[in-house]
Amino acid sequence: MSATVNNPFQHLVEPLNPADPTQQFYNLSKLGDSRYDRLPFSIRILLESAVRNCDEFLVKRSDVESILNWKQTQTQTVEVPFRPARVILQDFTGVPAVVDFAAMRDAVMKLGGDPEKINPVCPADLVIDHSIQVDFNRKSDSLQKNQDLEFDRNRERFQFLKWGSQAFRNMRIIPPGSGIVHQVNLEYLARVVFNYDGYFYPDSLVGTDSHTTMIDGLGVLGWGVGGIEAEAVMLGQPISMVLPEVVGYKLSGTPDKLITSTDIVLTVTKHLRQVGVVGKFVEFFGPGVAQLSIADRATIANMCPEYGATAAFFPVDNVSIQYLEQTGREAEKVAYIQKYLKAVSMFRDYDDVSQDPEFTQVVELDLNTVVPCCSGPKRPQDRIPVSDMKSDFETCLGAKQGFKGFQVAPEHHNTSVSFQFNEREYTLNHGSVVIAAITSCTNTSNPSVMLGAGLLAKKAIECGLSVKPYIKTSLSPGSGVVTYYLKESGVMDYLSQLGFEVVGYGCMTCIGNSGPLPEPVVEAITQGDLVAAGILSGNRNFEGRVHPNTRANYLASPPLVIAYAIAGTVRIDFKSEPIAVNSEGREIFLHDIWPTREEIQAVERSFVIPSMFKEVYEKIEKVNERWNSLVAPSDKLYTWDPNSTYIKSPPFFDGLTMQLQPPKSINEAYVLLNLGDSVTTDHISPAGNIARTSSAARYLTSRGLTPRDYNSYGSRRGNDAVMARGTFANIRLFNKFLNKQAPQTIHLPTGETLDVFDAAERYEQSGIPLVVLAGKEYGSGSSRDWAAKGPFLLGIKAVIAESYERIHRSNLVGMGVIPLEYLPGDTADSLGLTGRERYTIVIPKELTPRMIVDVKLDTGKTFQVRMRFDTDVELAYFHHGGILNYMIRKMSEN
């Protein structure tokens with residue numbers, strides 16, 4: 001959005017080029033305020049948006065003053081509005097967003113409004129990247145087969161999305177097979193500076209994927225929000241946010257020549273987890289930043305959700321400009337980007353300490369101290385130096401069940417199971433690698449680690465090494481550019497020989513679309529109750545996410561993924577043990593085949609060139625012939641098909657009227673689930689395969705589908721009947737009621753153990769409200785609106801937790817589910833809560849942000865919690881029953 005009529009800051013407007021008065025910008029330097037030059041660069045972007053959009057209604061002069069006064073407001077909770085320049089979506093979150101828009105049009109029409117008011121007013125790009133699965137691998141035709149199967153499975157979803165791109169203005173669809181949303185954003189969609197409607201202004205965005213922060217590496221401020229919140233932004237509503245603290249992260253030194261960007265980001269992730277940056281911006285500065293390419297910076301920014309920050313910002317500098325040139329951006333655009341950013345003091349020289357702004361706190365990392373590392377076996381923040389991988393896994397094997405434990409009895413640590421595969425006998429043990437995937441935008445966007453993997457593969461083949469055929473190997477690049485430079489540089493053939501064939505352009509293994517393992521492998525794992533390992537170059541390795549049969553999953557750089565695949569196990573010390581013995585009986589060590597930074601950079605300079613990016617992206621929207629030939633309806637209102645198991649009109653707006661209902665207390669609620677710490681959105685609303693024994697499977701079977709047609713939960717997010725049944729359906733969900741991992745709970749009135757959906761249905765039939773008890777970091781992981789929509793449909797009225805992940809708390813608010821937080825020092829255990837009590841949550845008629853309310857139990861005990869509606873705007877959403885109800889009523893007003 002460019003500028004606002006009757007803006008009180010109109011006097012700041014001037015032409016960027018005096019020769020062209022039609023191209024203007026708000027010159028913040030003309031504010032004449034010394035506070036501006038001391039603001040973090042990320043906060044300057046919030047300020048520019050507030051100045052440009054100031055209308056004294058949604059954005060006020062007082063908001064501008066609050067942002068200018070950022071340093072002095074750190075001890076306060078100051079709410080400010082932010083209007084991002086655009087929105088980005090992927091298809092798992094994009095489909096439910098378009099479903100909501102279609103249903104909102106129906107609701108507005110029923111209330112007597114104009115349904116076409118439900119229409120994006122800011123640009124929205126939707127990249128289809130989450131649907132493709134690794135069904136086929138290790139063959140030259142794997143890519144085509146996986147893409148064909150993707151289209152066959154998802155034709156109905158794709159047809160619906162194509163309708164949406166035609167029915168709604170300002171919505172562009174990037175077809176399947178194009179790449180991963182964040183990499184396409186980095187290489188193609190990012191404007192860095194908008195030139196729109198006669199105004200220049202900084203590019204900024206929110207996205208319906210938590211790793212939207214990857215774009216921060218290019219100097220574009222962006223972060224993930226819930227799909228519900230993104231829909232409101234698309235309809236012109238500003239984000240209401242608490243003005244964040246900004247942690248300055250100073251980088252110094254030079255990384256060792258054997259270090260990859262993956263090693264750096266895993267080190268940063270663990271460090272910032274320890275610092276504590278939840279809800280804060282992190283802004284990088286210092287001379288070490290100049291040592292990092294944009295791909296390196298983007299890798300670090302990508303994993304921002306894993307260290308808990310809202311954004312991880314690298315201001316634009318000369319390296320950013322060089323990247324724009326390398327990726328084929330037009331010279332004219334690159335020129336005005338530089339000119340504009342310098343004019344508003346948003347262009348950075350990392351060696352110039354006089355440009356260093358004031359920060360809330362400063363922490364530092366010497367890049368020279370970074371060592372090769374992985375993270376796991378169950379969380380991305382649990383970093384392990386590669387030199388300690390063997391001992392760490394063996395410790396985890398016997399440790400108590402938890403983030404670093406599998407609780408395998410000592411006498412079973414050396415269990416081995418033999419099996420037949422392709423007429424040969426193999427053996428699996430604890431720690432055997434069964435999945436090795438070069439995947440995810442985190443790493444496949446980075447030529448240095450991708451070419452590093454290719455060069456390692458080349459040296460491995462030349463040394464006579466191979467990967468065992470039962471290991472499910474795959475390569476899923478984030479864009480066609482990656483395949484282009486891997487082929488041109490000559491390393492693709494070597495990757496293929498090791499089994500790392502291109503299997504698709506999408507998230508794939510990183511989000512759990514790893515496809516099936518060979519049946520003999522699954523049988524061997526099951527027979528020995530083995531802790532098998534997955535190794536992937538992704539950003540998430542939560543339990544049950546990568547594959548149901550890999551209990552240990554490690555994040556690693558692409559070269560290390562290949563190294564562990566060749567070794568066949570994570571129980572190896574690469575320093576003292578050979579990675580393998582070749583056919584000649586020679587021991588080969590990892591250092592024999594590991595490429596140096598100089599070798600990688602020489603290949604990168606020769607083969608990662610602007611013409612590749614131009615050639616790939618000039619045809620990106622038209623290259624998929626099956627998408628081009630797909631015919632979609634042209635009506636402005638969607639005609640819902642009652643027989644569809646993919647797209648269904650949701651019940652969120654049933655019975656909605658223009659009149660508001662006063663808030664009511666939650667009386668005599670039962671606890672549906674009693675959960676511990678770090679319950680992720682994968683636990684709450686899994687994206688992967690639909691188990692044959694699940695409630696969702698029973699529903700799909702009743703609709704005439706066979707297991708081969710179930711597809712994944714992620715692909716069925718347009719159908720609330722499937723998604724409600726998939727809520728809390730993760731097989732790794734640990735419920736204290738059961739004291740084991742299972743997607744089940746106890747129906748407290750009868751004592752029966754039931755699937756979570758079936759128990760919730762029983763409570764609903766009895767008219768009993770529900771709550772959930774949880775520990776720290778509830779809702780961590782992916783930004784997943786169904787992790788709030790699903791609980792809402794199960795009848796969950798409130799969650800009581802020790803702390804929340806930022807995006808998930810926002811999603812709960814957006815659905816009208818009350819996020820309640822124990823007061824400092826209180827936990828379920830310290831309060832003596834068993835979860836078997838009945839809970840009455842007293843909701844006063846007059847509500848204020850972050851107010852404290854009483855919880856009364858049927859045992860006679862009372863305790864207090866904080867209601868986590870953090871702003872007045874969030875309270876307004878709650879009074880309306882959620883953000884979408886608020887928008888429908890607003891759009892229905894005459």
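Our structure's up above, just so we're on the same page.
The residue count restarts for each chain, going from 1 along the sequence in the order it is written. Whole-chain, interface and lining totals are the exception, using all residues; otherwise, since this is a predicted model, local features are given only for residues with pLDDT of at least 70 and side-chain atom pairs are given and counted only at 80 or more. Note that the side-chain values use all heavy atoms of the structure and ignore hydrogens as well as water.

Trainee: Whenever I open this one, the pattern of salt bridges confuses me. Can you help?
Mentor: Proximity of charged atoms lets side chains of opposite charge pair with each other. For this analysis, a salt bridge means a side-chain nitrogen from Lys or Arg found within 4 Å of a carboxyl oxygen belonging to Asp or Glu. All chains considered together, the criterion is met by 43 salt bridges. Glu48 is the salt-bridge partner of Arg52, the closest N and O atoms lying 2.9 Å from each other. Of the two residues, Arg52 and Glu48 are both situated in helix 1 (residues 41-52); the distance of four residues between them amounts to about one turn of the helix. The residues Arg52 and Glu48 share a single accessibility class, namely buried. One salt-bridge network, held together by shared partners, links Arg809, Glu821, Arg850, Arg868, Asp870 and Glu874. Only DSSP runs of H or I reaching four residues or more are called helices, and only runs of E reaching two or more are called strands; each is numbered from the N terminus. The buried label goes to any residue with under 20% of its type's maximum accessible area, the exposed label to any with over 50%, and the partly exposed label to all in between, with areas taken from a 1.4 Å probe on protein chains only.

Trainee: Even after reading the chapter, I still don't get helix 18 (residues 558-567), so can you show me in this structure?
Mentor: Taken across its 10 residues, helix 18 has 10 buried, putting it largely inside the fold. Along helix 18, the positions that sit buried rather than exposed are Pro558, Pro559, Leu560, Val561, Ile562, Ala563, Tyr564, Ala565, Ile566 and Ala567. Positive phi appears at Gly568, one or two residues downstream of helix 18, with a value of about 80 degrees.

Trainee: Please explain the sheet that holds strand 33 (residues 818-822) as it appears in this structure.
Mentor: Two strands pair under a simple rule: DSSP has to find at least two bridges between them. Read around the closed barrel, seven strands run 26-31-32-33-36-35-34, paired in mixed fashion. Strand-to-strand, the axes of this sheet are offset by a mean angle of 40 degrees, without reference to chain direction. Pairing between strand 32 (residues 796-801) and strand 33: four bridges, direction parallel. For Ala801, the partnering residue across the bridge sits in strand 33 and is Glu821. Angles shown run from 0 to 180 degrees and are taken between the N-to-C directions of axes, each axis being a line fitted to C-alpha atoms and, for helices, limited to the stretch in contact.

Trainee: I would appreciate a short explanation of the packing of aromatic side chains in the present structure.
Mentor: Aromatic rings in a pair are described by how distant their centres are and how their planes are angled relative to each other. Centres within 6.5 Å are what make two rings of Phe, Tyr or Trp a pair, Trp counting through its six-membered ring; a difference in plane orientation under 30 degrees is then read as stacked, over 60 as edge-to-face, and the rest as tilted. Evaluated as defined, the whole model comprises 31 aromatic pairs. With a centroid separation of 5.3 Å and 5 degrees between ring planes, the pair formed by Phe194 and Tyr201 is classed as stacked. Like Phe194, the residue Tyr201 is buried in the burial classification. An aromatic cluster of at least three residues, connected via ring pairs, comprises Phe101, Phe160, Trp163, Phe168, Tyr638 and Trp640. When the NZ atom of lysine or the CZ atom of arginine is within 6 Å of a ring's centre and also within 35 degrees of its normal, the charge is said to sit over that ring. Stacked on the ring of Phe9, the Lys or Arg Arg61 has its end atom at 5.3 Å from the ring centre. The ring of Trp786 carries the charged tip of Lys789 above its face, separated from the ring centre by 5.5 Å.

Trainee: I'm lost on the nonpolar core in this one. Help?
Mentor: Taken as a class, soluble globular proteins show a tendency for nonpolar side chains to be buried jointly. Residues enter a nonpolar core if they are buried and are Ala, Val, Leu, Ile, Met, Phe, Trp, Tyr or Cys, with the set joined through side-chain atoms within 4.5 Å. Core analysis: the biggest nonpolar cluster contains 306 residues, and Tyr564, Ile579 and Tyr778 have the highest contact counts within it. Ranked by the residues each element gives to this core, the list is headed by helix 3 (residues 91-110), at 11 residues. Contacts are assigned to residue pairs with any non-hydrogen atoms lying within 4.5 Å of each other. If near-sequence neighbours (up to four positions away) are discounted, Ile579 is found in contact with Leu465, Ala563, Ile566, Ala567, Ile572, Phe574, Ile588, Phe589, Leu590 and Ile593. Within the second largest apolar cluster, 11 residues are counted, among which are Ala696, Leu700, Tyr713 and Val722.

Trainee: It is not clear to me how the sheet that holds strand 9 (residues 204-207) should be interpreted in this structure. Could you clarify?
Mentor: In any sheet, the strands associate via hydrogen bonds between backbone groups, in a parallel or an antiparallel arrangement. Strand order across the open sheet formed by five strands is 6-5-4-9-10, with parallel pairing between neighbours. Of all the strands in the sheet, just strand 6 (171-174) and strand 10 (221-224) have a single pairing partner and so form its edges. For this sheet, the mean inter-axis angle between neighbouring strands, taken without regard to orientation, is 20 degrees. With three bridges connecting them, strand 4 (residues 86-90) and strand 9 associate as parallel partners.

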